[in-house]
Amino acid sequence: MTTLSLTLRRPDDWHVHLRDQQMLAAVLPHTARQFGRAIVMPNLKPPVTTTAQAAAYRQRILDALPAGLDFMPLMACYLTETIDPDDLAQGHAAGILTAAKLYPAGATTNSDAGVRDLVRIYPVLERMQKIGMPLLIHGEVVDAEIDVFDREAVFIEQHLIPLRAAFPALKIVFEHITTREGVQYVETAEGPTAATITPHHLMINRNAMFERGIRPHMYCLPVAKREVHRLALRAAATSGNARFFLGTDSAPHLRHLKEHDCGCAGVFNAPDALACYAQVFDEEQRLDRLEGFASLFGPAFYGLPVNDDKITLLKNALESAENWPTPDGPVRCFEPPGGLHWQVVRDYV
Ligand code: NCD
Ligand code: ZN
Ligand code: ZN
């Protein structure tokens, strides 16, 4: 294999779960080594629902950061039906809350305190629209009657289209999209609309969950879909359309809690996240568009400057890590089915 080196402006991760305490300390270095900033998801137990909680969580992240790593956590507030719009707006004005996250109650890990009836948060969304605060959406319906593979597409029809019509100027990020319908919606939606795409949804389809047996480490929400959807995501990510940008959705769970009767949803991809994206762009012969997706389009949507530093990747044969230890037991790392041929060789300079 030819050795190829690629230097990029340092990227950001616009969707990551860093967790808390020992897990935070164990996983944070992976994210901070690659990404200059990250939108940190607020689905802790209990969730981060106030400016004060977000400020305290941000401080815990900064305290857990190994010396010498330069990384800025950007905080998202978890929307509930009783959220205080004044606190949200003050947190945003103070630079503590970058965005607010909508979890339909019951849709995913730690979403029970989320929103049951969207109309109940309309006053909050009105306020966010006014102050230019982005709304980040886990876009799946929770209706048990709806097939799990259809929940994203149904969410678009039932909730996203009406929400956009009610708030034409609201900044909306449709998080971790997994379907052709999601891609088409984001391409054509009016108003400031964007989507994050994960490395694993670019690399696996739903077969990966059933490869010679049940594969809990390939299970996340929204669940991976058919091949046609993966191809639509790859086309979108590598299209150069600034509405699509990087969000890993790295979501660590202890290995024994995924290999379980009721295994947790979430793929821990932080160790090799940027390498996975590079591999996808390389396979699509679009390495020239990786920097836009990874480092430019996210900041443009959020209205933030791009990072000044650079990061270097190398293409060569290598073994990716399988397990990552934490004091409570290992977490299993995402391994692309065909192997991984890229690695970050020089952290940001
Ligand atoms: C995430 C988690 O574990 O917090 N899990 C997942 O499957 N993606 C929650 C989420 O992003 O929906
Ligand atoms: Zn989610
Ligand atoms: Zn997530």
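Refer to the structure above for everything that follows.
So, a few notes on the structure that sits alongside this text. Note that this is a predicted model, so its numbers are computed, not measured. (Residues numbered from 1 in each chain as written. Chains lettered and ligands numbered in written order. Predicted model: local features only at pLDDT ≥ 70, side-chain atom pairs only at ≥ 80, totals over all residues. Heavy atoms only, no water.)

1. So, the coordination of the zinc ion (ligand 3)
Here is step 1 of the chain: Distances from the zinc ion (ligand 3) to its protein donors, His-15 (NE2), His-17 (NE2) and Asp-249 (OD), fall within 2.0 Å.
Here is step 2 of the chain: What the four donor atoms of the zinc ion (ligand 3) show is an angle range of 94 to 140 degrees at the metal, which sorts the shape as irregular.
Here is step 3 of the chain: Expressed as a motif, the donor residue spacing for the zinc ion (ligand 3) is H-x1-H-x231-D.
Here is step 4 of the chain: Taken as a pair, the zinc ion (ligand 3) and the zinc ion (ligand 2) lie 3.8 Å from each other. Comparing His-15 with His-17, the two get one shared label, buried. (Donors = N, O, S within 2.8 Å, 3.2 Å for Na, K, Ca; no water. Tetrahedral: all angles 85-135°; square planar, octahedral: opposite > 155°, others 65-115°. Buried < 20%, exposed > 50% of the residue type's maximum accessible area, 1.4 Å probe, protein only.)

2. Observations concerning the pairing of strand β4 (residues 72-78)
Here is step 1 of the chain: In terms of burial, β4 is a largely internal element, six of the seven residues being buried.
Here is step 2 of the chain: Taken together, the four bridges between strand β3 (residues 37-40) and β4 define a ladder with parallel strand orientation. Its bridge partner lying in β4, Val-40 is registered against Met-75.
Here is step 3 of the chain: In this region the chain leaves β3, passes through helix α2 (residues 51-64) and returns to the parallel neighbour β4; the handedness of that crossover is right-handed.
Here is step 4 of the chain: With four bridges joining them, β4 and strand β5 (residues 97-102) adopt parallel strand pairing. Each bridged residue has a counterpart across the sheet, and for Met-75 the counterpart in β5 is Leu-97.
Here is step 5 of the chain: For the crossover from β4 across helix α3 (residues 85-93) to β5, the handedness is right-handed. (Helix = DSSP H or I, 4+ residues; strand = E, 2+ residues; numbered from the N terminus. Pairing = 2+ DSSP bridges. Right-handed = clockwise from strand over helix to strand, strands pointing away.)

3. Regarding the coordination of the zinc ion (ligand 2)
Here is step 1 of the chain: Those donors, His-138 (ND1) and His-176 (NE2), are the protein atoms that reach the zinc ion (ligand 2), and they lie 2.0 to 2.1 Å from it.
Here is step 2 of the chain: Around the zinc ion (ligand 2) sit four donor atoms; with metal-centred angles ranging over 53 to 148 degrees, the donor geometry is irregular.

4. Some details on the layout of surface pockets
Here is step 1 of the chain: Considering only enclosed or pocket space, the largest pocket measures out at about 530 Å³ in volume.
Here is step 2 of the chain: Lining the largest pocket are 17 residues, and of these Arg-19, Asp-20, Met-23, Lys-45 and Asn-110 sit closest to its centre.
Here is step 3 of the chain: When its residues are assigned to classes, the lining of the largest pocket shows six nonpolar, seven polar and four charged.
Here is step 4 of the chain: Quantified by volume, the second largest pocket comes out at close to 420 Å³. (1 Å grid on protein atoms, 1.4 Å probe; cavity = no way out; pocket = protein on both sides within 12 Å on 5 of 7 lines; lining within 4 Å. Points joined across faces, edges and corners; volume = space filled by probe spheres on them. Nonpolar A, V, L, I, M, F, W, Y, C, P; charged D, E, K, R; others polar.)

By themselves these figures say nothing about function.
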